[in-house]
Protein chains: 2
Amino acid sequence: MTSVDPSVIADVPLFAGLSRAEHEDMLRDAKAIRVAKGRPVFAQGEAAHSFFVLVHGHLRVMKLTPDGQQVVVRFVVPGEIFGVACAIGCKTYPATASAVIDSVVLVWPSAVWPELIARWPALASRAMHAIGGRLQEAHTRVVEMSTRQVEQRVAHALLRLVQQAGRKLDKGVEIAFPITRQDVAEMTGTTLHTVSRILSAWEERGLVEGGRQRIVVREPHQLFILAESSPGASA
Amino acid sequence: MTSVDPSVIADVPLFAGLSRAEHEDMLRDAKAIRVAKGRPVFAQGEAAHSFFVLVHGHLRVMKLTPDGQQVVVRFVVPGEIFGVACAIGCKTYPATASAVIDSVVLVWPSAVWPELIARWPALASRAMHAIGGRLQEAHTRVVEMSTRQVEQRVAHALLRLVQQAGRKLDKGVEIAFPITRQDVAEMTGTTLHTVSRILSAWEERGLVEGGRQRIVVREPHQLFILAESSPGASA
DNA sequence: GGCCCGATTTGATCCATGACAAAGACTCTG
DNA sequence: CAGAGTCTTTGTCATGGATCAAATCGGGCC
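How each quantity is defined
- Along each chain, numbering runs from 1 in the same order as the chain's sequence is written.
- By the order in which they are written, chains take letters starting at A while ligands take numbers starting at 1.
- Only residues with pLDDT of at least 70 are given local features in this predicted model, and only at 80 or more are side-chain atom pairs given and counted; all residues enter the totals for whole chains, interfaces and linings.
- By convention in this description, side-chain values take in all heavy atoms of the structure and omit both hydrogens and water.
- The rule for pairing is simple: two strands pair if DSSP sees at least two bridges between them.
- Counting from the N terminus, the helices are DSSP H or I runs at least four residues long and the strands are E runs at least two residues long.
- Geometry is summarised by axes, namely lines fitted to C-alpha atoms with helices restricted to the contacting stretch, and by angles between N-to-C directions that run from 0 to 180 degrees.
- The contact criterion used is simple: two residues touch if any of their non-hydrogen atoms lie within 4.5 Å.
- The domain boundaries here were taken from an automatic or database domain assignment.
- We define a salt bridge as a side-chain nitrogen of Lys or Arg found within 4 Å of a carboxyl oxygen belonging to Asp or Glu.
- Between N or O atoms, a polar contact is any pair within 3.5 Å; within protein, one atom must be a potential hydrogen donor and the other a potential acceptor, and residues adjacent in sequence are included only when both atoms are from side chains.
- By convention in these notes, a residue is near a molecule or strand provided one of its non-hydrogen atoms lies within 4 Å of it.
- The superposition of copies rests on a least-squares fit of C-alpha positions from residues with pLDDT of 70 or more in both.
- Put simply, buried area is how much 1.4 Å-probe accessible surface two parts lose in total, over both of them, once they are put together.
- Lys, Arg, Asp and Glu make up the charged group, whereas Ala, Val, Leu, Ile, Met, Phe, Trp, Tyr, Cys and Pro make up the nonpolar group; the residues left over, Gly among them, are polar.
- UniProt positions are given in the numbering used here, feature names are shortened, and annotations may be inferred rather than shown by experiment.
- Throughout, exposure labels follow a simple rule: accessible area from a 1.4 Å probe, protein chains only, divided by the maximum for the residue type, with under 20% read as buried, over 50% as exposed, and the rest as partly exposed.

Observations concerning the sheet that holds strand 2 (residues 40-42) of chain A
Overall, antiparallel pairing links the 4 strands, which are arranged 2-7-4-5 (chain A) in an open sheet. Since the sheet does not close on itself, it has two edges, and those belong to strand 2 and strand 5 (70-76) of chain A, each with one partner. When strand polarity is set aside, the average angle formed by the axes of neighbouring strands in this sheet is 30 degrees. Where strand 4 (residues 59-64) of chain A meets strand 5 of chain A, 6 bridges bridge the pair, whose relative direction is antiparallel. Bridging across to strand 5 of chain A, Val 61 of chain A finds its partner in Arg 74 of chain A. Sitting on the sheet, helix 3 (residues 121-147) of chain B touches strand 4 and strand 5 of chain A, and the angle it makes with strand 5 of chain A is about 130 degrees.

Describing the domain arrangement of chain A
Residues and elements named next belong to chain A. What the domain assignment reports for chain A is domain 1 (6-144) and domain 2 (148-228). Relative placement of domain 1 and domain 2: their C-alpha centres are 26 Å apart. At the junction of the two partners, domain 1 supplies 13 residues and domain 2 supplies 14 residues. For the pair domain 1 and domain 2, the interface holds 2 salt bridges. Connecting domain 1 to domain 2 are 8 residue pairs in polar contact (both at pLDDT 80 or more). Contributing elements (two or more residues each) for the side of domain 1 that touches domain 2: strand 5 and helix 3 (121-147). If one sorts the elements of the side of domain 1 that touches domain 2 by residue count, strand 5 sits on top with 4 residues.

Examining the protein's contact with DNA strand D
DNA strand D sits among 19 residues. The nearest are Gln 149, Thr 190 and Thr 194 of chain A together with Ser 196 and Arg 197 of chain B. A share of 58% of the atoms of DNA strand D within 4 Å of the protein falls on sugar and phosphate groups. Between DNA strand D and Val 150 of chain A, the relevant distance is 3.0 Å, taken from a phosphate oxygen to a main-chain nitrogen or oxygen of the residue. Ser 200 of chain B places a polar side-chain atom, nitrogen or oxygen, 3.2 Å from a phosphate oxygen of DNA strand D. When contributions to the surface near DNA strand D are tallied by element, the ones reaching two or more residues are helix 6 (192-204) of chain A together with helix 6 (192-204) of chain B.

Looking at the protein's contact with DNA strand C
Neighbouring residues of DNA strand C: 19 residues in total, closest Arg 181, Ser 196 and Arg 212 of chain A together with Thr 190 and Thr 194 of chain B. The share of sugar and phosphate among atoms of DNA strand C within 4 Å of the protein is 56%. Arg 212 of chain A places a side-chain nitrogen or oxygen 3.0 Å from a base nitrogen of DNA strand C. Between a phosphate oxygen of DNA strand C and a side-chain N or O atom of Thr 194 of chain B, the distance comes to 2.8 Å. Broken down by secondary-structure element, the contributors of at least two residues to the surface near DNA strand C are helix 6 of chain A together with helix 6 of chain B. Per element, the largest residue contribution to the surface near DNA strand C is 5 residues, and it comes from helix 6 of chain A.

Brief notes about the relation of the copies chain B and chain A
The two copies are related by a screw motion: chain B maps onto chain A through a turn of 180 degrees and a shift of 0.0 Å along the axis, at an RMSD of 0.0 Å. Between the two chains, the operation in question is that of a two-fold axis. When C-alpha positions in chain B are compared against the rotation axis, the closest is assigned to Leu 135 of chain B, at 2.5 Å. Most of the interface of chain B is mirrored in chain A, where 97% of its interface residues are also at the interface.

Some thoughts on the interface of chain B and chain A
In this complex, chain B contributes 34 residues to the contact, which on the side of chain A involves 34 residues. A buried area of about 3,200 Å², summed over both sides, lies between chain B and chain A, and 74% of it is on carbon and sulfur atoms. Summed over the shared surface of chain B and chain A, the number is 2 salt bridges. Among the salt bridges present, the one from Arg 148 of chain B reaches Asp 67 of chain A, with a minimum N-O distance of 2.9 Å. Taken together, the connections running from chain B to chain A amount to 2 residue pairs in polar contact (both at pLDDT 80 or more). Only strand 4 (70-76) and helix 3 of chain B provide two or more residues apiece to the side of chain B that touches chain A. A per-element tally of the side of chain B that touches chain A places helix 3 of chain B first, with 17 residues. Looking at the side of chain B that touches chain A residue by residue, the classes come out as 17 nonpolar, 11 polar and 6 charged.

Quick look at the UniProt feature "domain: HTH crp-type" (unreviewed entry) in chain A
Per the UniProt annotation, the sites labelled "domain: HTH crp-type" (unreviewed entry) are residues 148-221 of chain A. Taken end to end, residues 148-221 of chain A is 53% helix and 22% strand, and its two terminal C-alpha atoms sit 18 Å from one another.

Describing the UniProt feature "domain: Cyclic nucleotide-binding" (unreviewed entry) in chain A
The positions that UniProt labels "domain: Cyclic nucleotide-binding" (unreviewed entry) are, in the present scheme, residues 14-108 of chain A. Helix makes up 8% of residues 14-108 of chain A and strand 42%. Its end C-alpha atoms lie 14 Å apart.

Some words on the pairing of strand 6 (residues 96-109) of chain B
All names here are of chain B. The buried fraction of strand 6 amounts to 10 of the 14 residues, a majority that puts the element mostly inside the structure. With 5 bridges connecting them, strand 1 (residues 31-35) and strand 6 associate as antiparallel partners. Each residue of the ladder has a partner; that of Arg 34, found in strand 6, is Val 104. Bridging between strand 2 (residues 40-42) and strand 6 involves 2 bridges; their strand directions are antiparallel. When the bridges of strand 6 are listed, Pro 40 appears paired with Ser 98. As defined by bridge partners, strand 3 (residues 50-64) adjoins strand 6 across 11 bridges and the pair is classed as antiparallel. Within the sheet, the bridge partner assigned to His 56 lies in strand 6 and is Val 104.

Structure (structure tokens):
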């Protein structure tokens, strides 16, 4: 039996407030696995055998349409629970999660979920909040896609990424994992061409700084203003 | 103290499998209120004092953007729980719910939620599934908005409405509550003008039949084919 | 170091759909 | 039954972005 050091979940919000002994107890059913950059943790349509917590690294969660287009649902950062299909009554995973950099995840069999939440009711509540937060975010995204133009959506997406995975730099904040224009396009419902043009324009104005699979936001506040401005009000 | 007849929640899926005595117990904290057509049950931004179950009628849930545009999040049909901000850790309602026809709702104070789920753990699980379902739907909508054109999105929206609130007619299925082209536009991220044109075109082809605040789907299957066809493949 | 491949940039063109405008059509009310 | 207020239809025009096409750039690998 793989034994996992309980300290790895010391700062997982979902498990906050539990004792070390309780952590150990929970980890009894878990396994830690390494996922190489680019490899999937699970794939859309697969039977939902397990649920997960990301310990280290970054994952991209995406949905594939029947005709092969893909949409980025979100990025997972360390400490988050993901792949909880079992908790919401899905038999199969509704999306694919793959590593954008070498990552480490904890894996529990789906079967232990009911047991866990029965034993720690706070867990149910926390999980509910986590799912609720994602619902909120999804709705925000729907509203955004319905009412704002591409430039504003890209601005919002960048701000969200910065908040979720920003790394402070001398001059601005950098998104802490490799991300392509294509990724940003798939987060905002546009094309990599349009994203490239927008970022170029922003770079011109000193708002951001780009690079291969790299985005640095120099002026988050300016970006915020852009994101919030009403759809008609352009320069 | 208002006493509510336990039979009103006999067919609420959330409470299925509980005994009549348990229903009574739950209803002890509830009040039933009538909401006139057009009146809000709660409004976006308001403190989330209560959560609800719709007993009779239909509600529209919508979000308002800072600049006054609105987006329809969903319609609530009888038997559904809604306004569960408290369950997902929101202090205020993130959207507005108002009656599209005269309706009756059960109201519980948010404060009893923790109590209820503590007493009936199955409730927590059911609620989780309900929220999960909405998350799925929201993601589906994001994918749709990112990858399909307006006509396909409208087709999907109609099919969803038919499934949720379809009333079988001699010639087709009717959406069982008054709904305007504006509503459909706000569900699909387009304008009432475009929706009107699309419905007119479909009516021409015999797929649907329209009227004031009324839509009858004559050929669900044709609509389905339209909804699924790849974005480029038009007549 | 030189090659190869994926990522990015940029230009030119096209078109789905939004915006504007105005005229019906249906309901309810007084 | 007239009038008002919604809702719906339809026409015309403008345009934000998608699409198509090609360079160019930058890294990693042998």
